[in-house]
Amino acid sequence: MLLQVNQIHKSFGIKPILSNISLQVQERERIGLVGANGAGKSTLLQIIAGHMSADSGDIFKAKDTRIGYLSQNTGLQSDETIWNEMLVVFASLLQAEQELRKLEGLMADPDIQANEKKYEEVLHRYSVQSERFREQRGYEIEARIRGVLHGMGFGEFAPDTRIDTLSGGQKTRLALAKLLLQEPELLILDEPTNHLDIDTLTWLEGYLRNYPGGILVVSHDRYFLDALVQGIYEIERNVCKRYTGNYTRYVEIKEAEYEIELKHFEKQQGEIARMEDFIQKNIVRATTTKRAQSRRKALEKLDRLDKPLGDLKKASFRFEAGRSSGKEVLNVQQMSVTFEGQEKPLFHNVSFELRRGETAALIGPNGVGKSTLLKALTGERPPETGKLHWGTHVDVAYYDQEQKGLNPQQSVLDELWNTYPHLEEARIRTVLGNFLFTGEDVFKPISALSGGEKARVSLAKLMLQKANLLILDEPTNHLDLFSKEVLESALLDYDGTLLFISHDRYFLNKMAERVLELSTEGIVSYLGNYEDYVEKKSELAEIEAERAAKLSGAKGGAAGASVGKSGSGAAGGKTASKGGVGEAPDAVDERQQKRDERNRQRKLEQLEAEIARLEAELAASEAQLLEPDVYNDYVAVQACNQAIEQQKAALEPLYEQWEAFLG
């Protein structure tokens, strides 16, 4: 065991943050720590890392266990270059390497060579030190640094780039890179996925899956948690509980446990009601008084179950379009943007269109200009070249990830009321209550709010705007897992058009119907969600690799021969498509058929899983009818029959869809 935390308590003033928290991390175990914003996750990590003291409780760690801790948004502060700062991690190995160089010099010294005893001593020391250096991977220092820097998005940076010239997000990524190179026995990471683009996230997941030590991580990235962790600890209502499996499994287990606890509670409440009714009816009858008294004693001794609390209160909102736009919402042609003082444009040749009701995701590496493109669309930054055409009756609402639209001097209530002065105070307070701002919370100044609270204020303003086109820049940033789920539900029910930027792959998977990949050379559009996009990119990479192999083979086999008799070239007559990938029409059709079949199979599997779930519920309801406690209770029978009818009604359209799939 690397780490054991026993009964940690922590309060700030009179407010308890953590109560009786216990957890453990085994060697090479990957553990996720989840909970709502303000639940105390970061506080617990700081206590474990020794950056904060607990009011009570104990922390034990295995002997010689080094803990590496990365807090949220902690940038690497240094006046060194990137390369020199990474070399600091290997100071002892570099010192050992210098000693090896000295020993090599002694081995080449004629005086040492002439002294057999000294020469043998030097050889022996060199052999021992060299073996130790090899075991500690001293010969891999440069490769390890380059690999981690490239994976963390610094592959294009010159090694002599000074750290103090980097942005805050880049410094945070560099701090994580340095921590990974240190390879402590236990990594403690607080929101490590902040400031990472999708490519870097994917690399980090793979790296951490193969990490030689244990990992304890706080993250709001559900895709990341699903890919990495083997266990989840949830902090809720100041206490901690462990669930086995990844994030998706944790959600399933928690929901199932709540249903079971609720059924047990309701069953006991039914038994209590029947016992109380029996006592009331029979306590005064001479013939039944003893039985009633016996029931009363049993009732007094009964270990009463508490009603399960269920989930914490969540934000509750929905987006509505005030009016419908035309079918053509937006058409962008050949747009480019160049920053002042730069010769090359940030991006150029950007063309795409949006139609009414579409949900499109804009993705691309950090720094490519995604946010800049959205600002160009909303008029905050005029484009250098290109045309921008809006359709009829398009009402645009823009969510800025930097929250620049919020006035830090205003209270939460005034921020909404000043934006929508025609609304009554009661309406404003109701909206804020739906976004979890109640009581005195509405008088907090914007400047005193956390990132998640500011995000909720911005979403409240967005909801009241009733636009038919939402343009959202990283809307899930700063939101906890529960708030993300509420946002997803609200956007899925939205009947307008949606264009958004996100690095949250779980969110992309759930929301996107089309993926727009931005690069410096323009935009490539892919139908489907994030997983469809990854699959298509993989297919295109395979095609390109095959084409390159054939081209290489053709060149090797036809050296000196004429290649262009028929004008077809070495690619076998395939015409390069607009996207730059050469494919014959029949190959394209065959690939599309395979993709359609995969999509059909996936939908069929989802449909069959839903049918199986409802059939299991129906069987359970029908079995419940046979229980004596139910069939002897008219009200329970009615409720059970009603549930059965609802389950049958839900199954009918699913059966029809299933038959249509098979037919």
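Here the structure is shown first, and the text comes after it.
Attention here is on the structure that accompanies the text. Note that the coordinates shown come from a computational prediction; the quantities given were computed from them, not determined experimentally.

Analysis parameters
In every chain, residue numbers begin from 1 and rise along the written sequence. Residues qualify for local features only when their pLDDT is at least 70, as the model is predicted, and side-chain atom pairs are given and counted only at 80 or more; totals for whole chains, interfaces and linings, by contrast, use all residues. Values reported for side chains reflect all heavy atoms of the structure, with hydrogen atoms and water molecules removed beforehand. Secondary structure elements are defined from DSSP: runs of H or I of at least 4 residues count as helices, runs of E of at least 2 residues count as strands, and each element is numbered from the N terminus. Three labels apply to residues, based on accessible area from a 1.4 Å probe with only protein chains included: buried if under 20% of the type maximum, exposed if over 50%, partly exposed otherwise in between. Note on contacts: a residue pair qualifies if any of its non-hydrogen atoms lie within 4.5 Å across the two residues. At least two DSSP bridges between two strands are needed for those strands to be called paired. Here, the term right-handed applies to a crossover whose path from the first strand over the helix to the second runs clockwise when the strands point away from the viewer. Every axis in this analysis is a line fitted to C-alpha atoms, fitted for helices over the stretch in contact. Angles between the N-to-C directions lie between 0 and 180 degrees. Any helix carries an expected span of 1.5 Å times its number of residues minus one. By convention, a stacked pair of Phe, Tyr or Trp rings (six-membered ring in the case of Trp) has centres within 6.5 Å and planes under 30 degrees apart, an edge-to-face pair has planes over 60 apart, and any other such pair is tilted. The rule for a charge over a ring is simple: NZ of Lys or CZ of Arg within 6 Å of the ring centre, and within 35 degrees of the ring normal. For this analysis, a salt bridge means a side-chain nitrogen from Lys or Arg found within 4 Å of a carboxyl oxygen belonging to Asp or Glu. Definition of nonpolar core: a set of buried residues of the types Ala, Val, Leu, Ile, Met, Phe, Trp, Tyr and Cys, connected through side-chain atoms within 4.5 Å. In these notes the angle categories are as follows: under 35 degrees is roughly parallel, over 145 is roughly antiparallel, 65 to 115 is roughly perpendicular, and the rest is oblique. Crossings are classed by handedness, with left-handed meaning an anticlockwise turn of the near helix from the far one by less than a right angle and right-handed meaning a clockwise turn.

### Comments concerning the overall build of the chain
Secondary structure summary: the chain contains 21 helices and 18 strands in total. Considering only C-alpha atoms, the chain reaches an extent of 115 × 75 × 60 Å along its principal axes. When the 663 residues of the chain are sorted by exposure, 41% land in the buried category. Looking at the chain alone, contacts between residues at least 24 apart form 68% of all its contacts between residues at least 6 apart.

### Looking at the pairing of strand E6 (residues 186–190)
A large share of E6 lies buried, amounting to 5 of its 5 residues. Of the two faces of E6, the one holding Leu186, Ile188 and Asp190 and the one holding Leu187 and Leu189 are both buried throughout. Pairing of strand E5 (residues 67–70) with E6 involves 4 bridges; the strand directions are parallel. Paired with tyrosine 69 across the bridge in E6 is isoleucine 188. One ladder, built from 5 bridges, connects E6 with strand E7 (residues 214–218); its direction is parallel. Bridging across to E7, leucine 189 finds its partner in valine 217. In the classification by handedness, the crossover that spans E6, the intervening helix H8 (residues 198–209) and the parallel E7 is right-handed.

### Examining the sheet that holds strand E13 (residues 385–390)
Strand pairing in a sheet relies on backbone hydrogen bonds. The paired strands run either parallel or antiparallel. Ordered by their spatial adjacency, 3 strands build an open sheet running E11-E10-E13, and the pairing between neighbours is antiparallel. In this open sheet, the two strands that pair with only one neighbour each are strand E11 (347–355) and E13. Neighbour-to-neighbour, the strand axes of the sheet open up by a mean angle of 5 degrees, direction not taken into account. Judged from the 6 bridges that link them, strand E10 (residues 328–337) and E11 form a sheet pairing that is antiparallel.

### Re helix H7 (residues 168–182)
For H7, built from 15 residues, the straight-helix expectation of 21 Å at 1.5 Å per residue is met to within 8% by its first-to-last C-alpha distance of 21 Å. Here H7 lies mainly inside the structure; 12 of its 15 residues are buried. If you check which residues of H7 are buried, you get Gly169, Lys171, Thr172, Arg173, Leu174, Ala175, Leu176, Ala177, Lys178, Leu179, Leu180 and Leu181. Immediately beyond the C-terminal end of H7, within one or two residues, lies glutamate 183, with a positive phi of roughly 50 degrees.

### Regarding the packing of aromatic side chains
One pass over the full model with this rule turns up 12 aromatic pairs. Centre to centre, the rings of phenylalanine 154 and phenylalanine 157 are 5.2 Å apart; their planes meet at 65 degrees, and the pair counts as edge-to-face. Here tyrosine 526 and tyrosine 533 contribute two aromatic rings whose centre-to-centre distance is 5.2 Å and whose plane-to-plane angle is 80 degrees, an arrangement assigned as edge-to-face. On the basis of relative accessibility, which here comes to 9%, the residue tyrosine 526 falls in the buried class. Three or more aromatic residues link up through ring pairs in this structure, and these residues are Tyr223, Tyr526, Tyr530 and Tyr533. Over the aromatic face of phenylalanine 278 sits the side chain of arginine 295, whose NZ or CZ is 4.2 Å from the ring centroid. One residue, arginine 456, lies across the ring of phenylalanine 437, its end atom 4.9 Å from the ring centre.

### Thoughts on the pattern of salt bridges
The final tally for this structure, using the stated rule, is 35 salt bridges. The shortest N-O distance in the salt bridge between glutamate 104 and arginine 101 comes to 2.9 Å. Here glutamate 104 pairs with arginine 101, and both are found in helix H3 (residues 91–107), just 3 residues apart, close to one helical turn. On the basis of relative accessibility, which here comes to 30%, the residue glutamate 104 falls in the partly exposed class. Salt-bridge contacts for glutamate 544 lead to arginine 547; the nearest nitrogen and oxygen are separated by 3.0 Å. In this pair, glutamate 544 and arginine 547 are both assigned in helix H18 (residues 530–557), 3 residues apart and thus about one turn of the helix distant. A relative accessible area of 28% places arginine 547 in the partly exposed class.

### What to know about the sheet that holds strand E1 (residues 3–12)
The antiparallel open sheet is built from 3 strands, whose spatial order is E2-E1-E4. Strands at the two margins of the open sheet, each flanked by one partner only, are strand E2 (15–25) and strand E4 (56–61). Ignoring which end each strand starts from, the neighbouring axes of this sheet average 20 degrees apart. Pairing analysis gives 7 bridges linking E1 to E2, with the strands arranged antiparallel. Considered in E2, the bridge of isoleucine 8 is made with isoleucine 21.

### A word on the nonpolar core
Soluble globular proteins tend to pack their nonpolar side chains together in the buried interior. Membership of the largest hydrophobic core comes to 51 residues, with the highest contact counts inside it found for Met152, Leu174 and Leu208. If one sorts the elements of this core by residue count, H7 sits on top with 7 residues. With residues near it in sequence (within four places) discarded, leucine 208 still touches Arg30, Leu180, Leu187, Leu189, Ile215, Phe224 and Leu228. Core analysis: the next-biggest nonpolar cluster, separate from the first, contains 50 residues, Ile428, Val457, Tyr526 and Tyr530 among them.

### Some words on the packing of helix H14 (residues 425–434) against helix H15 (residues 451–465)
At their nearest, the axes of H14 and H15 sit 10 Å apart, and the two run at 125 degrees to each other. With respect to their mutual orientation, H14 and H15 come out oblique. Crossing handedness for the pair H14 and H15: right-handed. On H15, the residues touching Arg427, Ile428 and Val431 of H14 are Ala460, Met463 and Leu464.

### Considerations on the environment of glycine 522
Position of glycine 522 relative to the elements: it lies in strand E18 (residues 522–527). For glycine 522, a relative accessible area of 4% translates into the label buried. Ignoring any residue separated from it by four or fewer positions in sequence, one finds glycine 522 in contact with His348, Asn349, Val350 and Glu517.

### Let's talk about unusual backbone geometry
Although it is not a glycine, glutamine 334 sits at a positive phi angle of roughly 55 degrees. Turning to its location among the elements, glutamine 334 is positioned in strand E10. Phi is positive for glutamine 403, close to 55 degrees, though the residue is something other than glycine. According to the relative accessible area criterion, glutamine 403 is buried, its value standing at 12%.

### Section: the environment of alanine 321
Counting through the fold element by element, alanine 321 comes out in the loop between helix H11 (289–301) and E10. Owing to a relative accessible area of 23%, alanine 321 belongs among the partly exposed residues under this scheme. For the pair alanine 321 and glycine 496, spaced 175 residues apart in sequence, the C-alpha to C-alpha distance is 5.9 Å. With near-sequence residues (within four places) excluded, alanine 321 lies in contact with Lys466, Ala467, Asn468, Tyr494 and Asp495.

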